[in-house]
Structures are given as C-alpha cells and as structure tokens.
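# Results of the structural survey
Letter by letter, the chains look like this.
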Amino acid sequence: MDIVITGYGSVTPFGHGVDALWDALVAGRSGVHVLDRSGQLWDRVPIRVGADAALDADAALGRVRAARLDRSQQLALVAAQEAWADAGAPGVEGDRLAVVVGTGIGGVETLLDAHDVLRDAGARRVSPRAVPMLMANGAAAQISIDLGARAGAYTTVSACASGAEALVTAARLITTGEVDVVVAGGTEAAVTPVTMASFAQSQALAKPGEDDPETLSRPFDADRRGFVLGEGAGILVLERADHARARAAHVRGRLAGWAITSDAHHITAPLADGSEQERAMRSAIRMAGVTPGDVDHVNAHATSTPVGDVGEAAAIARAIGTGAAVSAPKSAIGHLFGAAGAVESILALRAVETGVIPPTLNLDRLDPAIDLDVVSGTARRTPVRAALNNSFGFGGQNASVVFTAA
C-alpha cells in the first residue's frame, strides 16, 4: 500500500515553520548558542551551550492554553497545527485518524519544576495539572484532542529513535488498513540542568573551550568531541495514497520503506561494527523497492560523537556505498533527541522535493576513518531519487526510513 506525506510542520532552534528551518540550513546558519539560563541549578551545570527552540508559546497557543502544557507538548501541538494546515486539513472521519508522537523523555521540565515546588512549598502548591503535563503520552493526547483523532493516540519512547519510530508505527497502522491518515512525529524539550549535567558527566556533550559555540557540533570531523543538546518538534501527515488522490491533496512525497532493528548489546554504546544499523538501512531500502545505488542522499544520525559517527559511516558505506551525498543537520540544530528522527525525516523529504542538500557545518577535516561523500561548505544541488534518514537511540534502537518522490 502506497503511503504519502501530504503535510509537515516543525518548531526548531530556527523558529516555527519548516520553511524557516530549511532556509537556515541551506544558508549554512547555526542555531547553537550559549543558553540564556540562570539560577542555582544552572550555575552548577558545567556546559551551558545548546540549541533551544525559538517559540513564543503564549503567542502561538494563547497564554492560558500554553500554561496548561509542558514545553514538549507546546512544541508538538504547534508543529502539528502547521502540518495539518499544510496537508489541507484532510476531511477524514475521526475513527480513521490516528496520532503517533515519539519522545525520549516527555515532560521532564514539568516533572523537575513540580519536584522543586513540592520540596520548597509543600504538596498544596503542586499543580493538579502536573501529571497530564509530564506524562510521555501527553503530546500525542493533546494533538488527538485538537484534531478529534479517535483511532488511537500512540507514543513511541525509544530515546533518539523515537521520532522515526513514530513514523514507522504510523506507516504500519495505514498498511494494516486500520486508518486512512496519521499525524506522526516527535517532540523533545529536555534542555534542563539535570539532563545537561547527566550528559556532561557521561562525556557525551561537547565541551566549550575557546571555540565559538556554533562550532561545537561537528559531525564526521576529525576533531569532533560530542553533541550539543537541542529541542524542537517535527510532525508529518501520512496518508493512504488513494485517500490523498480522492481529495486532490498536494503530495510532497512517499514514505516508501522503513525498518527497525535493535543492537541487543549495551544501554548506551552502539555495536562498534554498526551491523544492526546496516541491517535497518538494507531492510528499509529493500521495502522501498529501490536499489542502494538509487539512494542519492542520506540524512545521517551523526551526533558528533567519536565512536558513533565512525560506526554509522561504516554501516552506510556497506549498505549503500560511498556515492550518496550525506548530510548531518545536528551540526546546525543540535541533537533534538526524541524529535530528531521526525525533524530530520522532514529534511530528507525536502531534499527529494527540492533537489537541494544542506551542508554539514564545521566539517573542517573529514575523519580519515570515514569514507563518505559528506556535503560541507555550501548546499549541493542534485536530483534526489531516494533519500534515507537514520535515527539511532540509547538502548540500541535503530530506525531507517526511505522517502521517494510522489
């Protein structure tokens, strides 16, 4: 069964809207900066560089509604509203419409704030809305309420692969005939002192030195030393192709293939040889009905970690070869964690639509261990027959999706 994408929306460090994100990436701009955060806990965090989302939630949703949502829910709802409008507000019955939104951590900001209130002011000051704001399924639930989606509000929670796994889950729902349309993607707002401190202690975050903060995230570069934490949301509208045709919808492209594998190896470290990542890519390409040589573009997971980038690069080379144009948008927007797979899937699809591949920032010296054609410097214009997006997460989760033209 053909599955098409008829709309998408995003909130990222470049603001609200896919056009704003795309234009910034193609121009080679960075959304990484020194975080404007202060307070006792932030003063204890050794690294305060990130890529937080540029969104005035009060303006986008109204002050009262925004106050009743965790930051991760705000981002998801705004992105979903854009995606739904972009899709032309499909006239689908609620019992044929589902929502799937992935997140790595959920409403962690609400959880931490509520803990502080309980500690400092007592139980009577804790908001009764804390639980619906902190629960991981809150974003999917809020979107389903907003759109009247009654065919299920699902939540995928698989660390950095969450957003991509949401798209796979959505595709499976359509393939089984359970639904006609799914609003799917990922969201994350985890730029908090606790998460930043934990990632710093694990040596996963890039440590600022004399460098400009914008140069800290440097996937595939020989001098990479960790990722930059970001926040944002990406939502896509997936639809049965014949349903989209019947309503004369504008189709942006096809979700042609997908696959999920697990390393079953270690809670944080990927398999060094990238064998399960390779299997995910091969399986997704096979399902898409294309050959490895047809994959002209790979949007790499590439977080800018010393081990992860090399393993993924080797897996890409074995699964596809070294001819595909590769890009790593985390160099510009940071690692959006549970939202990364969805936002970057939008970027992979946009490359198919436009024939433009944004550059990887800060790639001054390609790691000699990496044999890939990584786009750097300026955007590249080239036809893209098929684009593959990789998303890999703590716990050994691997998700690959393939997009082709409609």
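Since the structure is predicted, the reported quantities are computational estimates derived from the model, not experimental observations. (Residues numbered from 1 in each chain as written. Predicted model: local features only at pLDDT ≥ 70, side-chain atom pairs only at ≥ 80, totals over all residues. Heavy atoms only, no water.)

One pass over the structure, following the stated rule, counts 2 cavities of 30 Å³ or more. As for the largest cavity, its lining consists of Leu 25, His 297, Asn 299, Ser 327, Ala 328, Pro 329, Leu 347, Pro 358 and Pro 359. Quantified by volume, the second largest cavity comes out at close to 30 Å³. Surrounding the second largest cavity, Asp 70, Ser 72, Gln 73, Thr 103, Gly 106, Gly 107, Met 133, Met 135, Ala 136, Ala 139 and Thr 187 form its lining. In terms of residue class, the lining of the second largest cavity is made up of 4 nonpolar, 6 polar and 1 charged. (1 Å grid on protein atoms, 1.4 Å probe; cavity = no way out; pocket = protein on both sides within 12 Å on 5 of 7 lines; lining within 4 Å. Points joined across faces, edges and corners; volume = space filled by probe spheres on them. Nonpolar A, V, L, I, M, F, W, Y, C, P; charged D, E, K, R; others polar.)

Turning our attention to the pattern of salt bridges. Evaluation of the coordinates by the stated rule reveals 26 salt bridges. A salt bridge links Asp 367 to Arg 224, with the nearest nitrogen and oxygen atoms 2.9 Å apart. A residue pair is termed long-range when its members are at least 10 positions apart, and Asp 367 in the loop between strand S12 (356-357) and strand S13 (373-374) and Arg 224 in the loop between helix H9 (193-201) and strand S8 (232-240) qualify at 143 residues. In this structure Arg 224 comes out as buried when scored by relative accessible area, which is 8%. Residues participating in the shared-partner salt-bridge network are Arg 96, Asp 180, Arg 240 and Asp 242. (Salt bridge = Lys/Arg side-chain N within 4 Å of Asp/Glu carboxyl O. Helix = DSSP H or I, 4+ residues; strand = E, 2+ residues; numbered from the N terminus. Buried < 20%, exposed > 50% of the residue type's maximum accessible area, 1.4 Å probe, protein only.)

Side chains of nonpolar character tend, in soluble globular proteins, to be buried together. If you look at the biggest cluster of nonpolar residues, it comprises 47 residues, and the most contacted ones within it are Val 182, Leu 238, Leu 255, Ile 333 and Phe 403. Shared between two domains, this core holds at least three residues of each, these being domain 1 (3-247) and domain 2 (255-404). Apart from residues lying up to four places away in sequence, Ile 333 is in contact with Pro 13, Phe 14, Leu 21, Leu 25, Ala 51, Gly 230 and Val 343. (Core = buried A, V, L, I, M, F, W, Y, C linked by side-chain atoms within 4.5 Å. Domains from an automatic or database assignment. Contact = heavy atoms within 4.5 Å.)

Here the chain is partitioned into domain 1 (3-247) and domain 2 (255-404). Distance between the C-alpha centres of domain 1 and domain 2: 20 Å. Residue-level contacts link 66 residues of domain 1 with 60 residues of domain 2. Each partner contributes to the roughly 5,000 Å² buried at the junction of domain 1 and domain 2, and carbon and sulfur atoms together form 69% of this total. (Buried area = accessible area lost by both parts, 1.4 Å probe.)

Our next topic: unusual backbone geometry. At Gln 203, a residue that is not glycine, the phi angle is positive and equals roughly 65°. Looking at the secondary structure, you find Gln 203 in the loop between H9 and S8. Non-glycine residue Ser 304 carries a positive phi angle of around 85°. Residue position: Ser 304 is located in the loop between strand S10 (295-299) and helix H12 (306-319).

Following both chains from N to C, one finds helix H8 (residues 162-175) and helix H14 (residues 340-354) inclined at 70°, their axes separated by 5 Å at the closest point. Overall, the two elements H8 and H14 adopt an arrangement that is roughly perpendicular. Taking contact as the criterion, the partners of Gly 163, Ala 164 and Leu 167 in H8 are, on H14, Gly 341, Ala 342 and Ser 345. The residue makeup of the contact of H8 with H14, split by class, is 3 nonpolar, 3 polar and no charged. (Axes fitted to C-alpha atoms, helices over the stretch in contact; angles between N-to-C directions. Parallel < 35°, antiparallel > 145°, perpendicular 65-115°, else oblique.)

Below, the discussion takes up helix H1 (residues 18-26). For H1, every residue scored as buried is listed here: Val 18, Leu 21, Trp 22, Ala 24 and Leu 25. Along the axis of H1, the buried positions cluster into a sector of 165°, meaning they face one direction only. Residues of H1 that are buried sit in contact with strand S1 (3-12), helix H4 (71-86), helix H13 (330-333), H14 and S12. Of the residues one or two after H1, Gly 28 is the one with positive phi, at around 80°. (Arc of directions from axis to C-beta.)

A word on the side chain of Ser 144. Considering the arrangement of structural elements, one finds Ser 144 in helix H7 (residues 138-147). Polar side-chain contacts of Ser 144 include one of 2.8 Å to the backbone oxygen of Ala 141. (Polar contact = N/O pair within 3.5 Å; in protein donor to acceptor, adjacent residues only side chain to side chain.)

Below, the discussion takes up the layout of surface pockets. Roughly 640 Å³ of internal volume is contained in the largest pocket. As for the largest pocket, its lining consists of 35 residues, and the residues nearest its centre are Phe 227, Thr 268, Pro 270, Thr 305 and Phe 394. Sorting the residues of the lining of the largest pocket by element identifies H9, H12, strand S15 (386-393) and strand S16 (397-404) as the ones contributing at least two each. No other element matches H12, which puts 5 residues into the lining of the largest pocket. Its residues assigned to classes, the lining of the largest pocket comprises 14 nonpolar, 18 polar and 3 charged.

Turning our eyes to something else, we now look at the packing of aromatic side chains. This structure, assessed with the given rule, holds 3 aromatic pairs. Taking 5.9 Å as the distance between ring centres and 75° as the angle between the ring planes, the aromatic pair formed by Phe 199 and Phe 337 counts as edge-to-face. Remark: Phe 337 occurs in the loop between H13 and H14 and Phe 199 occurs in helix H9; sequence separation between them is 138 residues. Given a relative accessible area of 10%, Phe 199 falls into the buried group. Following the ring pairs from residue to residue traces out a cluster consisting of Phe 199, Phe 227, Phe 337 and Phe 394. (Phe/Tyr/Trp six-rings, centres within 6.5 Å; stacked < 30°, edge-to-face > 60°.)

A separate point is the environment of Ser 376. By the element assignment, Ser 376 lies in the loop between S13 and strand S14 (380-381). Overall, Ser 376 belongs to the partly exposed group, its relative accessible area being 32%. For the pair Ser 376 and Ala 20, spaced 356 residues apart in sequence, the C-alpha separation works out to 20 Å. Not counting residues within four places of it along the chain, the set of residues in contact with Ser 376 comprises Pro 359, Thr 360 and Leu 363.

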